[in-house]
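Tertiary structure, described
In case you want the letters, here they are:
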Amino acid sequence: MRWKPCSKRRSLSKMPAPPKRILIIQLASLGDILQSSGYITALQRQTGAQIGWVVEGRGGECLVRGNPAVNAVYRISRNPLRLLWMSYLIWRRRYTHAVILHRNAWFSRWAKGLGIPERVGFFQRGVVLTRDVDFLAYSSMWERYAAVATLITGQPMGVQRPTFLPTDHFVPPPGKWIALAPFGGRNAYSSMTTKRWPYFPLLIEAVLAGDPDTQILLVGDSADAREWQQLGLSGTDRVHNGMGLLSIPALAIWLRHCTALVSNDSLALYLGLSQYTPVIGLFGPTQKTEFLPPIPGAHGLQAQTFCSPCYHPTAHRHSLAFACPFGVACMREVQVGDVLDILRNIY
């Protein structure tokens, strides 16, 4: 008599194998990498798997190397020979799972070509995934990242704080510091003019007049520094311009030292959260509840205008979020007094 395997045994054989090595594919933007970093850390903690991460650019590589859960970083290149060599290195590691958070169907096919059996990510046309999450079914980024992580672990995951451990070691000067990020860098989505709050100069005057011991640090990259100079604003001995002068690790150490950070929806906002610094996010075209995680120290302001929010992660660059016909009313409705009220509650 020949024994036949029971149906329960047969179904168990089809279950995905537990993750041993996970490859994260998320190239940009820097703010998105930071938002997902906490969930990748929690994923590694729950599974014990080795984590590799594919990124683009020096900024993305710096952020990923600052995550202690990541074992290997692959900086993608447009050079065909370098891309082929990186593909060989990834193939040699024999990754069992790929988490594809970059909205490009090519990367799912690439992961399949590398022999990665389990491919998880956001559903879209042309994507070759074994399991997927409906991007539009969730109203916030943290819920989307948590849903992707749950597909791998099988356990519900709550909101996670961004993870970044700076490698630089220095001690900022003592005192009460408030960091301001007026612009948003050179990223097309974080530096769009509709995200810029026009009252930062007035906020600086109000903060300096209200507390003689407070010092202000302006943060941003070199592009932000040029725009600040074009405004014709001269600094004082209590306003320190760090735009274009601080690396990402140095900026993280400064933000950890600051009492608070005021920023639009950009990299600085999530970098401050990773350092447990109280932040005040100024939202207009983007939705506060979609991008700002509900964690301690995260404060957000958003005016209630008829056109806000007008931005969606799948929006085209020619949408209203990039060329507002209403004079960016959503950002102008956020008053200096609203920001000062939150700052008083913080310190």
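Our subject in this report is the structure included herewith. (Residues numbered from 1 in each chain as written. Predicted model: local features only at pLDDT ≥ 70, side-chain atom pairs only at ≥ 80, totals over all residues. Heavy atoms only, no water.)

**Details of the overall build of the protein chain**
A count of helical and extended segments in the protein chain gives 13 helices and twelve strands. Expressed as a percentage of its 347 residues, the buried residues of the protein chain come to 51%. Looking at the protein chain alone, contacts between residues at least 24 apart form 60% of all its contacts between residues at least 6 apart. When the accessible surface of the protein chain is split by element, carbon and sulfur atoms take 54% of a total near 17200 Å². (Helix = DSSP H or I, 4+ residues; strand = E, 2+ residues; numbered from the N terminus. Buried < 20%, exposed > 50% of the residue type's maximum accessible area, 1.4 Å probe, protein only. Contact = heavy atoms within 4.5 Å. Areas by Shrake-Rupley, 256 points an atom, 1.4 Å probe, with all protein chains shown as cover.)

**Describing the sheet that holds strand S8 (residues 214-218)**
Taken in spatial order, the six strands line up as S9-S8-S7-S10-S11-S12 in an open sheet, and their pairing is parallel. The sheet terminates laterally at strand S9 (239-241) and strand S12 (298-302), the two strands that pair on one side only. Ignoring which end each strand starts from, the neighbouring axes of this sheet average 20 degrees apart. Inspection of the sheet shows strand S7 (residues 176-181) paired to strand S10 (residues 260-264) by four bridges, in the parallel sense. The residue bridging Ala-179 from the neighbouring strand is Leu-261, located in S10. (Pairing = 2+ DSSP bridges. Axes fitted to C-alpha atoms, helices over the stretch in contact; angles between N-to-C directions.)

**Quick notes on helix H7 (residues 200-210)**
Of all the residues in H7, the buried ones are Phe-200, Leu-203, Ile-204, Val-207 and Leu-208. All buried residues of H7 project into a common sector of 125 degrees when viewed along the axis, lining one side. Looking at H7, the residues exposed on the side facing more than 90 degrees away from the buried face are Glu-205, Ala-209 and Gly-210. (Arc of directions from axis to C-beta.)

**Side note on the packing of aromatic side chains**
Summed over all chains, the structure comprises 15 aromatic pairs. Ring centres 6.0 Å apart and planes at 40 degrees place the aromatic pair Tyr-39 and Tyr-145 in the tilted group. Taken together, the residues Tyr-39 in helix H2 (residues 30-47) and Tyr-145 in helix H6 (residues 141-153) connect sequence positions 106 residues apart. As far as the burial class goes, Tyr-39 and Tyr-145 line up, both buried. Judged by centre distance (5.1 Å) and plane angle (85 degrees), the rings of Phe-122 and Phe-135 are edge-to-face. One end of the pair, Phe-122, is in strand S5 (residues 118-122); the other, Phe-135, is in the loop between strand S6 (131-133) and H6, and 13 residues separate them in sequence. The pair formed by Phe-122 and Phe-135 is uniform in burial state, with each residue classed as buried. Aromatic ring contacts, followed pair by pair, group Tyr-39, Phe-122, Phe-135 and Tyr-145 into a single cluster. (Phe/Tyr/Trp six-rings, centres within 6.5 Å; stacked < 30°, edge-to-face > 60°.)

**Re the side chain of Thr-305**
Structurally, Thr-305 is set in the loop between S12 and helix H12 (329-332). Non-local contacts of Thr-305, meaning those with residues more than four positions away in its chain, are made with Ala-329, Cys-330 and Glu-333.

**Here we look at the packing of H2 against helix H10 (residues 267-274)**
At a closest axis distance of 8 Å, the pairing of H2 and H10 adopts a crossing angle of 25 degrees. Judged on the interaxial angle alone, H10 and H2 are roughly parallel. Along this stretch, H2 crosses H10, giving a crossing that reads as left-handed. In this structure, H2 uses Leu-30, Gly-31, Leu-34 and Gln-35 to contact H10, whose residues at the interface are Leu-267, Tyr-270 and Leu-271. (Parallel < 35°, antiparallel > 145°, perpendicular 65-115°, else oblique. Left-handed = near helix turned anticlockwise from the far one by under 90°.)

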